[in-house]
Amino acid sequence: MICDHCKLRPATVHFTKIVAGQKTDYHLCEQCAQEHGDFFAKAAQAFHFNDLLSSLLNMESSPGFTSLPMSNARCNVCGMTYNQFTQIGRFGCPNCYESFASRLEPLLKRIQSNTAHVGKVPQKSGEATRSRNELQQLRKELQTAVTTEQYEQAAKIRDKIRELEQKLEG
Amino acid sequence: MSLGDFLQKAMSQWMREGGPQDDIILTSRIRVARNLEGIPFPVLQTDTHADEVIRVTQSALAKTQIPDVKFEFVRCSDMSALERQVLVEKHLISPDLAEQVKHGAVALSDNEVISIMVNEEDHLRIQCIMPGFRLQEAWNLANSVDDELEGILAYAFHERFGYLTACPTNVGTGLRASVMMHLPGLVISDNINRMLSAVSQVGLMVRGMYGEGSEAAGNVFQVSNQITLGESEEEIINNLTGVVQQMMDHERAARHALVQHNRSALEDRVGRSFGILAYARRIDSKETMQLLSDVRLGIDLGIIKGVSAGILKELMVMTQPAFLQKYFQQELLPMERDVRRAALVRERLRLDDAEVQ
């Protein structure tokens, strides 16, 4: 098939445009498709990571996802709405994570396959988090100590756990 | 100024020096994303917010004490478009930051190992780039810079989600570890696609030399972690290290097989590429990269002697558009660039005493 436009090169871009019920088929070569204005240029452009992300975010509106009345949710600090977030794929401020928390879990599961941070915790803002992580680690160690019958070691770990638990509650 | 002097001055440490496994690994790079508490992310930033972020970062950096590190702090608006582009080509800032003329800024350590981008997608992006396979070392340095800054700045940190970032793909550790690799053996032996699809199945991503959307010119690939949440920094770095190690083994095996079974074809390819680079009068950057890749392979396999192995790293940056214009100190149209690029490559090759077997 020859390009409709230049009538020279082979048509490699096939396009159906429906405007107000009026259907038109286009068969163009890549060069003419690029020159044919933004309508086609967009299809030919490199696929951007942002598009991918926002399509993931918009999956909720596709069949199979029950739409939650969340799209109107608005961050009370920066004013960004959940809808806006799905459009640009970026949060407006740190507080957005709190404001949209109920929607975040499935989203993070999809793009990160995890929903909770493990790893570095800043000294200043993360005192409690650090203790909690340590606690989790100690509980794991306790289990290993018990299963391998290292009871002396297990007792030591248990004491540490108690100490930490008290610190966290106090 | 002679080319040698210019190179000494204009090159970052990662371009100038070698490192472990540098027959395959060009650079190891760590980037951590951090944001300040209570200030909107750059996407919603006003001029006042942006100035505030720059002000507190600059004053925090002045107070940090990292042995042997001195920072130079510069706003994007105080650099010319060409200067910003040169930093992009040296991998010290991202193309996005170069476009943040009004709000962007960068702090560079004097050896250009550490660069801290301010008001890119996140308030702060701390980067360490080192030659060779040194992920752990790069992480240790980035981590210590982060510790110093955290002592002064209030970071946005969430108990459950970790370090908060503008894009949910960076949340958690905010860590992106990446390794830039030269894989001509896998490309020539047609094993690269299998390798890359295997890599992408273990949660890593592969991109070309200049990041997202760039193609793998000159058989140079960047491999980095994709997941930033739910894995610790150590796990992320260990995973990447393990996979890169395996990729290196495959690359070495592919090179060995080429020498064993296709020696004359290989020597022919390397010799021709060297010849073109040494004598061409006009050359575009894609062809330059491809030929440099062949020459570097020839050096690694002992087919070319007397040419420094660093030539691929050096010239792949030097022959980029902005760098060329900086060297020749004038604006150049693409066609003129091709002429100057060929001249620069010829001159650089003449600095060494090449001997092609």
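A. Structural detail: helix H10 (residues 263–279) of chain B. Residue and element names in this part refer to chain B. Between its first and last C-alpha, H10 extends 24 Å over 17 residues, near the 24 Å set by a 1.5 Å rise per residue. Every buried residue of H10 is listed here: Leu266, Val270, Ser273, Phe274, Leu277 and Ala278. All buried residues of H10 project into a common sector of 130° when viewed along the axis, lining one side. Opposite the packed face of H10, turned more than 90 degrees from it, sit the exposed residues Ser264, Arg272 and Tyr279. Against helix H9 (233–261), helix H11 (285–300), strand E11 (304–305), helix H14 (334–351) and strand E12 (355–356) lie the buried residues of H10.

B. Molecular detail of the packing of H10(B) against H11(B). Residue and element names in this part refer to chain B. With their axes 8 Å apart at the nearest point, H10 and H11 run at an angle of 130° to one another. Relative to H11, the element H10 lies oblique. Here the hand of the crossing between H10 and H11 comes out left-handed. Contacts between H10 and H11 involve Leu266, Arg269, Val270, Ser273, Phe274, Ile276 and Leu277 from the former and Glu287, Thr288, Gln290, Leu291, Leu292, Asp294, Val295, Leu297 and Gly298 from the latter. Its residues assigned to classes, the contact of H10 with H11 comprises 9 nonpolar, 4 polar and 3 charged.

C. Geometry of the interface of chain A and chain B. In this assembly, 36 residues from chain A lie in contact with 47 residues from chain B. The junction of chain A with chain B conceals about 3,200 Å² of combined surface from both sides, 60% of it contributed by carbon and sulfur atoms. Joining chain A to chain B, the criterion identifies 4 salt bridges. One salt bridge in this structure joins B:Asp146 and A:Lys120, with 2.6 Å as the shortest N-O distance. Our count for the contact surface shared by chain A and chain B stands at 19 residue pairs in polar contact (both at pLDDT 80 or more). Elements that contribute at least two residues to the side of chain A that touches chain B include exactly helix H3 (49–57), helix H4 (82–88), helix H5 (96–99), helix H6 (101–112) and helix H7 (127–147) of chain A. Here the side of chain A that touches chain B takes 6 residues from H6(A), the largest share from any one element. Its residues placed into classes, the side of chain A that touches chain B shows 19 nonpolar, 11 polar and 6 charged.

D. Highlighting the confidence of the model for chain B. In the predicted model, chain B carries a mean pLDDT of 92, and the fraction of residues at 70 or more is 97%. Under the prediction, the complex receives an ipTM of 0.86, its pTM being 0.80.

E. Representation of the sheet that holds strand E8 (residues 175–182) of chain B within the structure. Residue and element names in this part refer to chain B. Reading across the sheet, the 8 strands line up as E2-E3-E4-E5-E1-E8-E10-E9 and stay open at both edges, with antiparallel pairing between neighbours. This sheet does not close on itself; its edge strands, each paired only once, are strand E2 (71–75) and strand E9 (204–207). Geometrically, the sheet is characterised by an average inter-axis angle of 20° between neighbouring strands, direction not taken into account. Sheet topology places strand E3 (residues 105–109) next to strand E4 (residues 114–118); 4 bridges connect them, and they run antiparallel. The partner of Val106 across the bridge, within E4, is Met117. Its contacts with the sheet put helix H3 (residues 47–63) on E2, E3, E4 and strand E5 (124–131), and the angle it makes with E2 is roughly 170°. Strands strand E1 (25–34), E8, E9 and strand E10 (220–225) of the sheet are contacted by H9, whose axis makes an angle of about 10° with E8.

Calculation notes
- Residues numbered from 1 in each chain as written.
- Chains lettered and ligands numbered in written order.
- Predicted model: local features only at pLDDT ≥ 70, side-chain atom pairs only at ≥ 80, totals over all residues.
- Heavy atoms only, no water.
- Helix = DSSP H or I, 4+ residues; strand = E, 2+ residues; numbered from the N terminus.
- Expected span 1.5 Å × (residues − 1).
- Buried < 20%, exposed > 50% of the residue type's maximum accessible area, 1.4 Å probe, protein only.
- Arc of directions from axis to C-beta.
- Contact = heavy atoms within 4.5 Å.
- Axes fitted to C-alpha atoms, helices over the stretch in contact; angles between N-to-C directions.
- Parallel < 35°, antiparallel > 145°, perpendicular 65-115°, else oblique.
- Left-handed = near helix turned anticlockwise from the far one by under 90°.
- Nonpolar A, V, L, I, M, F, W, Y, C, P; charged D, E, K, R; others polar.
- Buried area = accessible area lost by both parts, 1.4 Å probe.
- Salt bridge = Lys/Arg side-chain N within 4 Å of Asp/Glu carboxyl O.
- Polar contact = N/O pair within 3.5 Å; in protein donor to acceptor, adjacent residues only side chain to side chain.
- pLDDT = per-residue confidence, 0-100.
- Pairing = 2+ DSSP bridges.

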